[in-house]
Amino acid sequence: MELKKRNIKLALSVVGACFGAGLTVAAGAAVVGLGTGPAMAQDGEVRAATATLPPINDGLPMPGFDITAGDTALVITDPQNDFLSPDGVTWGVVGESITANGTVENLESLFAAAEKAGMPVFVSPHYYYEHDHKWHFEGTLETVMHQLGMFDRPTALDITGFEGSGADWLERYKPYINNGETVVTSPHKVYGPESNDLLLQLRKAGIDKVILGGMSSNLCTESHMRALVEAGFEVMVVTDATAGAITAHYDGYAASLTNFRMIASAVDNTENTVRAIEEAHAM
């Protein structure tokens, strides 16, 4: 029994040493920009990921993300009025985060860069039909969304009242979404793409890598990230092309930023991502 305890202790020590060494190597490694080449961190500089800046020497590995023409796509969740317009029903709780991150403008920059590069674009929208209001149970923010009438449409076959409604695209995005090239998937119903055809559409298009942005950060965007990773896609998140609800007691964006950093292959800002898209497509 004593020998067994010593062996277990030794094994744990070895694992701890190896893990610690791995973190040391990662922390001292170059911070690889998206398509911009190695950007060496200054000696002793440490920075956690923020909305507008990628992390430096934050103690976590940096797997990196290479944008490659043909198999990398832009995926945007919920680019809709109820989130992104000051007239939307959630602006009172998401407006602060959207404004601070420059989310509206940054999403447009991503749409424009992808269209110019010929990069595939997929939009995963959120719609609720009248029969969805008959659900027998809901989670916390599902309840809020249903009470507010977010993303409401009469039925899947009727777009009466859709134009300019909370469920409609933000006006400035329409040229990019309605261009005949962008794939608009069937709607997701809670937060993730498990209830729509996003994964199918990506696979059918030969996509292996996803650049992810959209609304709302700790709900639909994070849920899409998790589902995509679990389905075998390589994912990076554009941290200032999303935003979250901030209430008196909770900060949805801060919660999501931690999870983006810990789960995705990379996190970076819109400026760097646009530059990388251009370089990957020799623009």
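Values in this document were obtained by computation on a predicted structure and should not be read as measured data. The written sequence of each chain sets the order in which its residues are numbered from 1. Thresholds applied to this predicted model are a pLDDT of at least 70 for local features of residues and 80 or more for the giving and counting of side-chain atom pairs; totals over whole chains, interfaces and linings are not thresholded and use all residues. Water and hydrogen atoms play no part in the side-chain values, which are based on all heavy atoms of the structure.

(A) Layout of unusual backbone geometry. Of note, the amide linkage connecting Met215 to Ser216 takes the cis form, showing an omega dihedral of -15 degrees. For Ser216, the location among the structural elements is in the loop between β6 (209-215) and α8 (217-230). Although it is not a glycine, Asn57 sits at a positive phi angle of roughly 45 degrees. Labels follow the DSSP assignment, with helices taken as runs of H or I lasting at least four residues and strands as runs of E lasting at least two, numbered in each case from the N terminus. Of note, Asn57 is situated in the loop between β2 (37-39) and β3 (72-77). For Asp78, which is not glycine, the phi dihedral falls at a positive 50 degrees. Structurally, the position occupied by Asp78 is in the loop between β3 and α2 (81-84).

(B) Broad picture of the sheet that holds strand β4 (residues 121-124). Spatially, β5-β4-β3-β6-β7-β8 is the arrangement adopted by the 6 strands of the open sheet, whose pairing is parallel. Strands at the two margins of the open sheet, each flanked by one partner only, are β5 (183-184) and β8 (266-268). Relative to strand β7 (residues 234-243), β6 runs parallel, the two being bridged by 6 bridges. Residue pairing in the sheet places Val210 in a bridge with Val235 of β7. Across the sheet, helix α10 (residues 270-280) lies against β6, β7 and β8, angled at about 135 degrees from β7, the strand it touches most. Strand pairing follows a simple DSSP-based rule, namely that at least 2 bridges must link the two strands. Here, residues are in contact when the closest pair of their heavy atoms is within 4.5 Å. Geometry is summarised by axes, namely lines fitted to C-alpha atoms with helices restricted to the contacting stretch, and by angles between N-to-C directions that run from 0 to 180 degrees.

(C) Broad picture of the packing of aromatic side chains. Pairs were defined over the aromatic rings of Phe, Tyr and Trp, the Trp ring being its six-membered one, requiring ring centres within 6.5 Å. Orientation was assigned from the angle between planes: stacked under 30 degrees, edge-to-face over 60, tilted for the rest. All chains considered together, the criterion is met by 3 aromatic pairs. With a centroid separation of 5.3 Å and an interplanar angle of 50 degrees, the aromatic rings of Phe111 and Tyr173 are classed as tilted. With a gap of 62 residues between them, Phe111 in helix α4 (residues 103-117) and Tyr173 in the loop between α5 (140-148) and α6 (174-177) connect regions that are remote in the sequence. This pair shows no difference in class: Phe111 is buried, exactly as Tyr173 is. With 6.0 Å between their ring centres and 5 degrees between their planes, Phe111 and Tyr176 make a pair best called stacked. On the criterion of sequence distance, the pair formed by Phe111 in helix α4 and Tyr176 in helix α6 is long-range, its members being 65 residues apart. With respect to burial, Phe111 and Tyr176 carry one shared label: buried. An aromatic cluster is built from Phe111, Tyr173 and Tyr176, whose rings are joined through pairwise contacts. Charges are assigned to positions over rings by a cutoff of 6 Å between ring centre and Lys NZ or Arg CZ, combined with an angular limit of 35 degrees from the ring normal. Across from the ring centre of Phe162, 5.5 Å away, lies the NZ or CZ of Arg153, which sits over that ring. Taking NZ or CZ as reference, Arg203 lies 3.9 Å from the ring centre of Phe233, over its face. Using a 1.4 Å probe on the protein chains alone, a residue whose accessible area is under 20% of its type maximum counts as buried, one over 50% counts as exposed, and one in between counts as partly exposed.

(D) View of the packing of α8 against helix α9 (residues 252-263). Two elements in contact, α8 and α9, have axes separated by 9 Å at closest approach and are oriented at 15 degrees. If you check the angle between α8 and α9, you find them roughly parallel. Of the two possible hands of crossing, α8 and α9 adopt the one that is left-handed. Between α8, through Ser217, Asn218, Thr221, Glu222, Met225, Arg226 and Val229, and α9, the contact on the second element is made entirely by Gly252, Tyr253, Ser256, Asn259, Phe260 and Ile263. Charged means Asp, Glu, Lys or Arg here, nonpolar means Ala, Val, Leu, Ile, Met, Phe, Trp, Tyr, Cys or Pro, and polar covers whatever is left, Gly included. Partitioning the contact of α8 with α9 into residue classes produces 5 nonpolar, 6 polar and 2 charged. Throughout, the term roughly parallel applies to angles under 35 degrees, roughly antiparallel to angles over 145, roughly perpendicular to angles from 65 to 115, and oblique to all others. Note: crossing handedness is left-handed where the near helix turns anticlockwise from the far helix by less than a right angle, and right-handed where it turns clockwise.

(E) The arrangement of the confidence of the model for the protein in detail. The quantity called pLDDT is the predictor's confidence in a given residue, expressed from 0 to 100. Considering every residue of the protein, the mean pLDDT works out to 86; 84% of them sit at 70 or more. A low-confidence stretch, residues 1-33 (pLDDT under 50), is modelled with 19 contacts involving residues beyond four sequence positions or located in other chains.

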